[in-house]
Amino acid sequence: MRILLVEDNKPLIRIIEKRLSEEGYSVDSCVDGDEGAGFANSYDYDLAILDIMLPKVSGLELLKTVKTRNSLTPVLLLTAKDSVSDKVAGLDAGADDYLVKPFAFDELLARIRALLRRQTDIESSVLSIADLTLDLLTRKVLRASKEISLTAKEFSLLEYMLRNKQRILTRSQIADHVWNYSFDSGTNIVDVYIRYLRRKIDDGEQNKLIQTIRGVGYALREEA
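Before going into details, it helps to say that this report is about the structure given with it.

Rules and cut-offs
- Residues numbered from 1 in each chain as written.
- Predicted model: local features only at pLDDT ≥ 70, side-chain atom pairs only at ≥ 80, totals over all residues.
- Heavy atoms only, no water.
- Core = buried A, V, L, I, M, F, W, Y, C linked by side-chain atoms within 4.5 Å.
- Buried < 20%, exposed > 50% of the residue type's maximum accessible area, 1.4 Å probe, protein only.
- Contact = heavy atoms within 4.5 Å.
- Helix = DSSP H or I, 4+ residues; strand = E, 2+ residues; numbered from the N terminus.
- Arc of directions from axis to C-beta.
- Pairing = 2+ DSSP bridges.
- Axes fitted to C-alpha atoms, helices over the stretch in contact; angles between N-to-C directions.
- Parallel < 35°, antiparallel > 145°, perpendicular 65-115°, else oblique.
- Left-handed = near helix turned anticlockwise from the far one by under 90°.
- Nonpolar A, V, L, I, M, F, W, Y, C, P; charged D, E, K, R; others polar.

## Remarks on the nonpolar core
Ranked by size, the top nonpolar core spans 48 residues in total, and within it Leu20, Ile49 and Leu158 carry the most contacts. Not counting chain neighbours up to four residues away, the residues in contact with Leu158 comprise Leu132, Leu134, Val141, Leu150, Leu197, Ile201 and Leu220. Listed in part, the 18 residues of the second largest apolar core include Ala37, Tyr45, Val75 and Leu77.

## Side note on the environment of Val66
Residue position: Val66 is located in helix H3 (residues 59-69). Along the backbone, Val66 and Leu169 are 103 residues apart, and their C-alpha atoms lie at a distance of 23 Å.

## A look at unusual backbone geometry
Omega for the bond connecting Lys101 with Pro102 falls within 30 degrees of zero, at -10 degrees, which places this linkage in the cis form. Looking at where Pro102 falls in the secondary structure, it is placed in the loop between strand S5 (97-100) and helix H5 (105-119). Not every positive phi belongs to a glycine, and Ala130 is a case in point at roughly 50 degrees. With respect to the helices and strands, Ala130 occurs in the loop between strand S6 (126-129) and strand S7 (132-135). The phi dihedral of Gln166 is positive, around 75 degrees, even though this residue is not glycine. Note on placement: Gln166 falls in the loop between helix H6 (152-163) and strand S10 (168-170).

## A few points about H3
Note: α-helices contain 3.6 residues per turn, so residues at a spacing of three or four share the same orientation. Along H3, the positions that sit buried rather than exposed are Gly59, Leu62, Leu63, Val66 and Lys67. Across the axial projection of H3, the buried residues extend over an arc of 140 degrees, all falling on one side.

## Brief notes about the sheet that holds S7
Sheet architecture is open: four strands sit in the order S6-S7-S8-S9, paired in antiparallel fashion. On the outer flanks of this sheet lie S6 and strand S9 (146-148), each paired with one strand and no other. On average, each strand axis in the sheet is inclined to that of its neighbour by 25 degrees, with strand direction left out of account. In terms of strand pairing, S6 meets S7 through four bridges, oriented antiparallel. Of the residues in S7, the one forming a bridge with Val126 is Asp135. The sheet contacts of H6 involve S6, S7 and strand S8 (141-143), and relative to S7 the element is tilted by about 115 degrees.

## Examining the packing of H6 against helix H7 (residues 171-178)
Interhelical geometry of H6 versus H7 gives an angle of 125 degrees and a closest axis separation of 10 Å. In this view, H6 runs oblique relative to H7, as classed from their interaxial angle. The hand of the H6/H7 crossing is right-handed. For the pair H6 and H7, contact is made by Lys153, Ser156, Leu157 and Tyr160 and by Gln173, Ile174, His177 and Val178, respectively. Residues belonging to the contact of H6 with H7 are distributed by class as follows: four nonpolar, three polar and one charged.

Structure follows, in structure tokens:
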């Protein structure tokens, strides 16, 4: 899933970006609200993580920009302020959750997973289709009860396709959610990773789940 991260503490933003990338998230990051607004107005995000005290444009103003672009995009606010009035101000401005610094990274991950589940109306941490399951908490993928080992990017690609199962996804849609703004649209990286995933998910299986929609993209669905 693609995340916008805006935080003016450069060491902190590097740590968060690195850890989120290791978890398979695609992250666009910057250190001021003006640049953050540029990202928010240019790309669609599955979630935004915003520091409140940002230079140039405040986190609360940036929050309005994100919600104006897409009111359903969940926003998690980060702040060193923990007073009730500050929390109320953030939530009243449209934030979906609030995390006070310093925080444990595991808690940040848990908040992210909860917001993404809420966004897609998924009550369980397990995504599935046919005999294929993906557990967001344990990061285990099973096909017919057999565990499949995936790289972080393969996991992220499969998660996105499972969240949008039965839907036809264009290559651009996949790239926008699984890779970040530095992605070179002139490459065939989406096709390459679909091929990697297909080998692990579908090879040897009678029921092929990853389907190519000629001239359009791909779909994760059971064959008719």
